[in-house]
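An overview of the molecular structure
Next come the chains, spelled out residue by residue.
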Amino acid sequence: MDGGNQSTVSEFVLLGLGHSWSMQVLLFMIFLILYLIIVSGNVVIVTLIITDPHLHSPMYFFLANLSFIDLWLSSVTTPKMIADFLKDNKTISFAGCMCQILFVHFVGGGEMVILVVMAYDRYVAICKPLHYSSIMSLSKCFGLVLTSWTAGFVHAMSQMAVIVQLPFCGPREIDSFFCDIPLVIKLACMDSSDLGILMNADSGVVVVTCFILLLISYTYILLTVRQSSKTGASKALSTCSAHVTVVVIFFVPCMFIYVWPLNITWLDKFLAVFYSVFTPLLNPAIYTLRNKEMKNAMKRFRSYYMDSKEMK
């Protein structure tokens, strides 16, 4: 493959989510509001966990990292999508397209691994409670987070090493709101069907491996909970139900995009919106509205803020 041919296409055209002007304006307002909620919600979670000593535990340390990843995942594609709603010419440079692919897979791969890490943390807390503090030490927590970022980076680079070498000479229309590997590969000036299968398999291995590890963790947790007292079982299930909900809403769209692609344009767009916008939107709600400690932390923060204002 000759990497020099890629210069014949300097930019790609994103077809986006809608065509009529009224629909574009409506989508602009909806996604702008959603993005502001995503940013504020995840920033609040990270801020509370950093500032509140009651939340300085491995579980909330991993949750802060998940919120940071969600913030980044949404920011890779959503601002560009929002800006394009008000443009007639929705283009993205070749370099910008490659950067979107790199960071979507970097951050997405990191999120999958951090969800596995969070499941492992709950497994240790519920199945090995007496050894929890020694197993989940500070160095172990930092190591697990570093592993998640490293895994995401290696996955993204393995994809980029192939796609940047593809020859692109037209067509250049991408029927989505951002660049993703399955869509970009189809535009290469070569028979890319086998390569598309290979690249999907690369992503699929990451998705399926993480999902299997999650299933194993939660199976052990459920088996342990069955033998616990009703009070302990109820608290454990309440904690894990939030994690399971996040896992489902993140992994299901990824599986239908990379593992079992349906090749239905409108459905592919919906799934892409779901994991890049709605997952980062729902995570803060799931972890704050259903978490007693987070609610108490918000109350303490509000009280501290109000007391500070009264002292002034």
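In the annotation of an unreviewed UniProt entry, the protein is listed under the name Olfactory receptor and assigned to Sciurus vulgaris. Reading the Sequence similarities (unreviewed entry) entry of the UniProt record for the protein gives the comment "Belongs to the G-protein coupled receptor 1 family."

Details of the packing of aromatic side chains
Enumeration according to the criterion identifies 20 aromatic pairs in this entry. Measuring from centroid to centroid gives 5.6 Å for Trp72 and Trp149, while their planes differ by 35°, and the two rings are tilted. Of this pair, Trp72 sits in helix 2 (residues 58-84) while Trp149 sits in helix 5 (residues 138-163), and the two are 77 residues apart along the sequence. On the accessibility criterion, Trp72 (27% relative accessible area) is partly exposed.

Some points on the UniProt feature "transmembrane region" (unreviewed entry) in the protein
Per the UniProt entry, the sites bearing "transmembrane region" (unreviewed entry) are residues 25-50, 57-73, 93-120, 141-168, 204-225, 237-260 and 272-290 in this numbering. When the span residues 57-73 is considered, its composition is 94% helix and 0% strand, and the gap between its end C-alpha atoms is 24 Å. Annotation note: span residues 204-225, helix share 100%, strand share 0%, distance between end C-alpha atoms 31 Å.

Describing the pairing of strand 1 (residues 11-14)
For strand 1 and strand 2 (residues 91-93), the ladder comprises three bridges, and the chain directions are antiparallel. Across the sheet, residue Glu11 finds its bridge partner in strand 2, namely Ser93. Looking at chain direction, strand 1 and strand 3 (residues 173-174) are connected through two bridges and run parallel. Bridged to Leu14 within strand 3 is Ile174.

Quick notes on the sheet that holds strand 1
Sheets are built from strands paired through backbone hydrogen bonds, the pairs being either parallel or antiparallel. With respect to topology, three strands assemble into an open sheet ordered 2-1-3, the strand pairing being mixed. Strand pairing shows two members of the sheet lacking a second neighbour, strand 2 and strand 3, which therefore form its edges. In the packing of helix 3 (residues 94-127) onto the sheet, the strands contacted are strand 1, strand 2 and strand 3, and the crossing angle to strand 2 comes to about 85°.

Thoughts on the state of the cysteines
Per the counting criterion, the structure on display carries two disulfides. One disulfide in the model links Cys97 with Cys179; its S-S distance is 2.2 Å. Note on the Cys97 and Cys179 pair: the S-S dihedral is about -120°, so by sign convention the disulfide is left-handed. Taken as a pair, Cys97 in helix 3 and Cys179 in the loop between strand 3 and helix 6 (181-185) lie far apart in primary sequence, 82 residues in all. The disulfide partner of Cys169 is Cys189, and the gap between their sulfur atoms is 1.9 Å. Across the disulfide from Cys169 to Cys189, rotation about the S-S bond amounts to roughly -140°, and the bridge is consequently left-handed. One end of the pair, Cys169, is in the loop between helix 5 and strand 3; the other, Cys189, is in the loop between helix 6 and helix 7 (193-226), with 20 residues separating them in the sequence.

Cut-offs applied
- Residues numbered from 1 in each chain as written.
- Predicted model: local features only at pLDDT ≥ 70, side-chain atom pairs only at ≥ 80, totals over all residues.
- Heavy atoms only, no water.
- UniProt positions renumbered as here; feature names shortened; annotations may be inferred.
- Phe/Tyr/Trp six-rings, centres within 6.5 Å; stacked < 30°, edge-to-face > 60°.
- Helix = DSSP H or I, 4+ residues; strand = E, 2+ residues; numbered from the N terminus.
- Buried < 20%, exposed > 50% of the residue type's maximum accessible area, 1.4 Å probe, protein only.
- Pairing = 2+ DSSP bridges.
- Contact = heavy atoms within 4.5 Å.
- Axes fitted to C-alpha atoms, helices over the stretch in contact; angles between N-to-C directions.
- Disulfide = S-S within 2.5 Å.

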